[in-house]
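Remarks on the overall topology
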Amino acid sequence: MTDNKKMWGDLGMDLELHDQLCEVLPQAFGDVFLSQEDRPKGMDYYNMVVADIHGIRPSELLEHQKKGGKVFGTFCIYVPDEIIFAVDGIATGLCGGSQFWVPGGEKVLPINTCPLIKASVGARLDKTCPFFRIADMYIGETTCDGKKKAWEILSEDVETHVMDLPQMKRAKDIEAWAQEISILKEKVEKETGKKITAEKLSESIKLINGKRKALQRLYNCRKKSNLPITGTDSLLISQIAFYDDPKRFTEMTNALCDELEKRIEDGFSVVGKDIKRIMLTGTPLAIPNWKLHNIIETSGGVVVCEEMCTGTRYFENLVDDTKETVDDQIQAIAERYMNINCACFTPNTGRIDDIIRLAKEYDADGVIDVNLKFCNLYDTEGYFVERELKKAGIPVLGLETDYTDSDAQQLRTRISAFIEMLNG
Ligand code: BJ8
């Protein structure tokens, strides 16, 4: 802890304010995670990562910088990590998931901005997150209006490169996205002084595909009728995937999956037979946003799948790793990323198809469509999500929430009533 303090001080962090965050996190983590029964042994790794969330990984990133490496902070799953790792850079997710950072964001952003954006901006401007201090450059993207304006504010403080994400999925849009990826390639090459070769890009495509495959394996375990892991623990793994070392993360997640598959073979389940299986869809749940999973899993339900960026959108579809030239590899990367179905696209019918497919694959008894307050995109798309789920005969509950605890009781009442309704 003493060493961490020195590191945080050297990073120019507001130590007094940061101490307040350090005081509440362990309690929240203990209440949500450690109180669960029959957790897999393999969760020890993720517990350890979270217990020292502002210590272990930040010191690794600083070590990387000491050796001349660069760190790139990202906020969206459209930004291709493959390009960053191909120049021996490190990509680290920076989305903020705590109410602690929101007031800092509200100093410069309208109150009616989504909490994810306010928390991300607040974490930087209030100097209370080492990841935001360490990144040499931020990579933003033109997904929603709030983010576009947030980049302008952040760029006054940190160098920020913004990728222009097309918002339709025609052939010309995929081509435009491939061009944006080429521009990112030039940007990171300039920043690191390293050239991307087909060999290097092939290695990083395999590295990131490996992480996706490990997450696919984890999620496949959640399709089973005897569940070897809770949704709360699975969410934590998805959240850690955004900033952990990808090679180590893949190894640890595969080791955990060995244990989970053994549990499945032995017929062991962490929940009772009558529990209601809930799928979540909607806006991302950035770390440490564990509110909904905790409420659902202490109200007679279990979360079996998240159709979210902290969920299936992050790992479904691999990049074709058979291409041999940098141009072809970039095209393959562009095609894979344009397969993600975010509500910033129009039309976005692929997401509706995904939700219905996933609800069936994971044998969900019901779906909760969750929207972060002030996210117009997902809120509006909820119209189609809920209509089509009803048509498909899948019960659905629409919820809106933020990072505060003020609505926890109300959410618990609504979720309990939904689960009771599923119990028939
Ligand atoms: S691919 S969901 S990570 S943009 S919730 S900031 S959209 S107002 S986070 Fe997202 Fe990429 Fe899409 Fe995923 Fe704006 Fe909505 Fe806030 Fe959002």
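Notes on the structure in this doc start here. Keep in mind it's a predicted model, so treat the numbers as computed, not measured.

Regarding the overall build of the protein chain
A count of helices and strands for the protein chain gives 19 helices and eight strands. Computed over C-alpha atoms, the radius of gyration of the protein chain comes to 21 Å, within 12% of the 22 Å expected from 2.2 N^0.38 for 424 residues, which places it in the range of a compact globule. With the C-alpha coordinates of the protein chain rotated into their principal frame, the extents come out at 60 × 50 × 45 Å. Per-residue burial over the protein chain gives 57% buried out of 424 residues. Put simply, 76% of the contacts in the protein chain that link residues at least 6 apart link residues at least 24 apart. Element-wise, carbon and sulfur atoms account for 51% of the exposed surface of the protein chain, whose accessible area totals about 17,500 Å². Counting 53 positive and 69 negative side-chain charges, the protein chain places the averaged centre of each group 1 Å from the other.

Points about the side chain of Asp173
Tracing the sequence through the fold places Asp173 in helix 10 (residues 171–192). Polar side-chain contacts of Asp173 include one of 2.8 Å to the side chain of Arg170.

A word on the site of the ligand
Around the ligand sit 15 residues, and of these Cys114, Cys144, Cys309, Cys342 and Cys375 come closest. Here the shell around the ligand is composed, by residue class, of 11 nonpolar, two polar and two charged.

So, helix 12 (residues 231–240)
Judged by how many residues are buried, helix 12 sits mostly within the fold: 10 of 10 residues are covered. Within helix 12, burial applies to Gly231, Thr232, Asp233, Ser234, Leu235, Leu236, Ile237, Ser238, Gln239 and Ile240. Each element contacted by the buried residues of helix 12 is listed here: helix 2 (15–34), helix 3 (43–51), helix 11 (198–221), helix 13 (246–265), helix 14 (291–297) and strand 6 (301–307).

Thoughts on the pairing of strand 8 (residues 396–401)
Taken together, the six bridges between strand 7 (residues 366–372) and strand 8 define a ladder with parallel strand orientation. Among the inter-strand pairings, Val370 is bridged to a residue of strand 8, identified as Leu399. In this region the chain leaves strand 7, passes through helix 18 (residues 376–391) and returns to the parallel neighbour strand 8; the handedness of that crossover is right-handed.

Side note on the sheet that holds strand 1 (residues 71–74)
The parallel open sheet is built from four strands, whose spatial order is 2-1-3-4. Only two strands of the sheet have a single partner each, and these edge strands are strand 2 (90–93) and strand 4 (160–163). Pairs of neighbouring strands in the sheet enclose a mean axial angle of 30°, with direction left out of account. Bridge analysis of strand 1 against strand 2 gives four bridges, and the strand direction is parallel. Counterpart to Gly73 in the pairing with strand 2 is Thr92. Here helix 4 (residues 56–66) sits on the sheet and contacts strand 1 and strand 2; the angle it forms with strand 2, its principal contact strand, is near 150°.

Overview of the packing of helix 7 (residues 115–125) against helix 9 (residues 145–154)
Contact pair helix 7 / helix 9: the axes reach a minimum separation of 10 Å and the direction vectors enclose 10°. Here helix 9 runs roughly parallel to helix 7, going by the angle between their axes. Note on element contacts: helix 9 touches helix 7 through Gly146, Lys147, Ala150, Ile153 and Leu154, opposite Ile117, Val121, Arg124 and Leu125. Its residues assigned to classes, the contact of helix 7 with helix 9 shows six nonpolar, one polar and two charged.

A closer look at unusual backbone geometry
For the bond running from Ile287 to Pro288, omega is 5°, close enough to zero to count as cis. You can see Pro288 is positioned in the loop between strand 5 (276–282) and helix 14. At the junction of Thr346 and Pro347, the peptide bond is cis and its omega measures out at -10° in the coordinates. By the element assignment, Pro347 lies in the loop between helix 16 (326–337) and helix 17 (349–361). In this structure, Asp38 is a non-glycine residue whose phi angle is positive, near 55°. By secondary structure assignment, the location of Asp38 is in the loop between helix 2 and helix 3.

A look at the pattern of salt bridges
Inspection of the entire model under this criterion finds 39 salt bridges. Among the ionic pairs, Lys147 bridges to Glu141, the shortest N-O distance being 3.0 Å. Each of the two residues, Lys147 as well as Glu141, counts as buried. The shortest N-O distance in the salt bridge between Lys195 and Glu189 comes to 3.3 Å. Look at the salt bridges and you will find they share partners, linking Lys223, Glu316, Asp354, Arg357 and Glu361 into a network.

Quick notes on the rules
- Residues numbered from 1 in each chain as written.
- Predicted model: local features only at pLDDT ≥ 70, side-chain atom pairs only at ≥ 80, totals over all residues.
- Heavy atoms only, no water.
- Helix = DSSP H or I, 4+ residues; strand = E, 2+ residues; numbered from the N terminus.
- Rg over C-alpha atoms; globule rule 2.2 N^0.38 Å.
- Buried < 20%, exposed > 50% of the residue type's maximum accessible area, 1.4 Å probe, protein only.
- Contact = heavy atoms within 4.5 Å.
- Areas by Shrake-Rupley, 256 points an atom, 1.4 Å probe, with all protein chains shown as cover.
- Lys, Arg positive; Asp, Glu negative; His and termini not counted.
- Charge placed at Lys NZ, Arg CZ, Asp CG, Glu CD.
- Polar contact = N/O pair within 3.5 Å; in protein donor to acceptor, adjacent residues only side chain to side chain.
- Near = heavy atom within 4 Å.
- Nonpolar A, V, L, I, M, F, W, Y, C, P; charged D, E, K, R; others polar.
- Pairing = 2+ DSSP bridges.
- Right-handed = clockwise from strand over helix to strand, strands pointing away.
- Axes fitted to C-alpha atoms, helices over the stretch in contact; angles between N-to-C directions.
- Parallel < 35°, antiparallel > 145°, perpendicular 65-115°, else oblique.
- Salt bridge = Lys/Arg side-chain N within 4 Å of Asp/Glu carboxyl O.

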